[in-house]
Each structure stands twice: as C-alpha cells, then as structure tokens.
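# Architecture at a glance
Read off the chains here:
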Amino acid sequence: ESQNAKSYNIYLVELDKDGKKIGDYELKTTTTVSIIEVIGLKPDTSYKAKIAGVDTLNREGLMSDEVSFKTEQKIPEISFVQALSITKNSALISWKSDVATAGKVKYDKDNSLDLTAEDKTETTDHSIKLENLEEGKTYYYKIISGEKEENGVLVPLIESTTKSFTTLTADAALTFIDMTVEVLEKNKASVSWRTNLEEKCTLYYGIDDSFTSNKNENEVSTEHNIILDDLLPGIEYFYKIKCGVQE
C-alpha cells in the first residue's frame, strides 16, 4: 500500500475459457480503502486485476502486478416446473430459471429416476420432451438446472422436488387447453391453443356463425397456432376449431 496515495484505481479485464484477455483493462472502481468488494461482475467468470495509487495531485502511479480470480457460480432458482402436452407416449417438461443454464430431466416409472433427457442449451426458459413412454402409466421426474464439478465429478447446482404425471390411454377424450387470441396488426390475429392429444386442426372463422373462411394445420401436434391474415379492420370475428372429429 502506497503511503502517499489518497485513493486507488482498480482495473479489471475479463478472461475467456482459455485464460486469454477479452479486450483491455478498464477502470472498474476507485476506493480510498485497501479492502473493497467489487460488484457487478459476471458469475462463474475469470478476471485479472491491477491497482494503481492516485496521489493528492490526482497523478496515477505505476500499476501493481496482475492478480487473477474467478467469481463463484450462481445457484439458479427454478420455478414453474410442469408437465405439458401429455400424450399416450410423450410429455413436455418445462420450467424457468433466473439465470441461463443447461438442464436435465431425470425420470422413470418409479422413484429411481434412472432415465435422463438433456438439453445442453443455456437458457432461462426450458422445455424437454420425454418420448417413448408407455401409455396409461404414471411417471416420476425431477429437474436438474446447471451443474458444477466437485472432485472431478459433475454435481447438480440445484434440483427440484420429485413430481409426477400420467400418460394418456388409447381411449382418452380430446381436450382443448389455454386457448388465446392475440391481435398482431389491424388485419391480422394469432390464435393459439394446446390439446392433450396429437391432432391436426382446422380453424373456421367469419363475421357470423356461418364461419365462411378456414385455415388448416399441416402437421399433427399438441401445440397449435394459426395466423389469420385476411381480416377486416374494426370487425368482430367469430371462430371455432375442429381437431380430428371433435370441435
């Protein structure tokens, strides 16, 4: 610590995964004390730092030697864990995390959870489809959001409690879920909905219950969206949806 310094300039530069500098040193903060907490850094990130004393005439002295450090990995918080679009042989597991992480779903027909489905994409909105399930069976699952290495082994940053869902049987009735309409432009609207069974749907619409226009989906799915782009501005429209043989 310099006896003639009235303050200290702290410079930082971020390092990439190979330990190389990303850009140049930048002044991060100025302090009058010899111990300071530097905030606003990225989690799980390596940095190098240098310090220069500033005298009473605001002249900066020589830089210190470089020091290296790495910030800790942030433990994510996960929420909205749910099983969606459940069919006879598949289910979509979705959840949110407050920081971008990769994700895994551990699942099975018992609490052993011996099966794993994984998405290595780092994101805050997660969805993983479980496929080749048996129909009419209850499956148990839990979420793993992010991993870290401990003693050469990857361990979860956080995992959810165990939840369950039951796949549909062959005679399950079609159900419409979460139907929404969003006006996109003065002559365009988006109609979205989900079904519990994989179906190809047709949307019928018009200015009265004759439903003179229609648009068809091209593929079967449990997630549905149709864009209506031939509407008249300021006119109220009515619609109905037919999926398979059910409206």
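These numbers were taken from a predicted model, which means no experiment stands behind them. (Residues numbered from 1 in each chain as written. Predicted model: local features only at pLDDT ≥ 70, side-chain atom pairs only at ≥ 80, totals over all residues. Heavy atoms only, no water.)

## What about a nonpolar patch on the surface?
On the surface, Met-179, Val-181 and Tyr-239 cluster together into a nonpolar patch covering about 250 Å² of accessible area. Owing to a relative accessible area of 33%, Tyr-239 belongs among the partly exposed residues under this scheme. (Patch = residues over 30% accessible without salt bridge, like charges linked within 9 Å, V, L, I, M, F, W, Y side chains within 5 Å. Areas by Shrake-Rupley, 256 points an atom, 1.4 Å probe, with all protein chains shown as cover. Salt bridge = Lys/Arg side-chain N within 4 Å of Asp/Glu carboxyl O. Buried < 20%, exposed > 50% of the residue type's maximum accessible area, 1.4 Å probe, protein only.)

## Considering the side chain of Thr-195
By secondary structure assignment, the location of Thr-195 is in strand 13 (residues 188-199). Looking at Thr-195, its side chain comes within polar contact range of the main-chain oxygen of Leu-197, at 2.7 Å. A distance of 2.8 Å separates a polar atom in the side chain of Thr-195 from a polar atom in the side chain of His-224. (Helix = DSSP H or I, 4+ residues; strand = E, 2+ residues; numbered from the N terminus. Polar contact = N/O pair within 3.5 Å; in protein donor to acceptor, adjacent residues only side chain to side chain.)

## So, the sheet that holds strand 15 (residues 213-216)
If you trace the 3 strands from one edge of the open sheet to the other, you get 15-14-17, paired in antiparallel fashion. The sheet is open, and its two borders are formed by strand 15 and strand 17 (238-243), each paired with just one other strand. In this sheet, adjacent strand axes meet at a mean angle of 20 degrees when their direction is disregarded. (Pairing = 2+ DSSP bridges. Axes fitted to C-alpha atoms, helices over the stretch in contact; angles between N-to-C directions.)

## Observations regarding the sheet that holds strand 16 (residues 221-228)
Sheet architecture is open: 3 strands sit in the order 12-13-16, paired in antiparallel fashion. Of all the strands in the sheet, just strand 12 (176-185) and strand 16 have a single pairing partner and so form its edges. The mean angle between the axes of side-by-side strands here comes to 20 degrees, regardless of whether they run parallel or antiparallel. In this sheet, strand 16 lies alongside strand 13 in antiparallel orientation, the contact comprising 7 bridges. When the bridges of strand 16 are listed, Ala-189 appears paired with Leu-228.

## Topic: the nonpolar core
One finds Ile-93, Val-105, Tyr-107, Leu-130, Tyr-141 and Phe-165 to be the most contacted residues of the largest nonpolar core, which totals 15 residues. Those elements giving two or more residues to this core turn out to be strand 7 (91-108), strand 8 (115-130) and strand 9 (138-150). When residues in this core are grouped by element, the largest group, 5 residues, is from strand 7. Leave out the neighbours within four places in its chain, and Leu-130 touches Asn-89, Ser-90, Ala-91, Ile-93, Val-105, Tyr-107, Ala-117 and Phe-165. Ala-189, Val-191, Trp-193 and Ile-226 belong to the second largest nonpolar core, which has 14 residues in total. (Core = buried A, V, L, I, M, F, W, Y, C linked by side-chain atoms within 4.5 Å. Contact = heavy atoms within 4.5 Å.)

## Points about the environment of Ile-158
By the element assignment, Ile-158 lies in strand 10 (residues 153-159). For the pair formed by Ile-158 and Pro-76, sequence separation is 82 residues and the distance between their alpha carbons is 6.9 Å. Leaving out residues up to four positions away in the same chain, Ile-158 has contacts with Ile-75, Pro-76, Ile-78, Ile-143, Ile-144, Ser-145 and Gly-146.

## Thoughts on the pattern of salt bridges
Where side chains of opposite charge bring their charged atoms close, a pairing between them can arise. Applying the stated criterion to the full structure yields 13 salt bridges. Across the pair Asp-125 and Lys-96 runs a salt bridge, and its minimum N-O distance is 2.4 Å. Note that Asp-125 is positioned in strand 8 and Lys-96 in strand 7, a separation of 29 residues in sequence. Residue classification places Lys-96 among the partly exposed residues on the basis of a relative accessible area of 37%. Note that Lys-215 and Asp-229 form a salt bridge whose closest N and O atoms lie 3.6 Å from each other. Linking Lys-215 in strand 15 with Asp-229 in the loop between strand 16 and strand 17, this pair joins segments that are 14 residues apart in sequence. Take Lys-215: its relative accessible area is 23%, and that puts it in the partly exposed class. The class for Asp-229 is partly exposed, based on a relative accessible area of 42%. Here the salt bridges share partners, and the residues they tie into one network are Lys-21, Lys-48 and Glu-66.

Remember, this is a structural readout, not a statement about activity or role.
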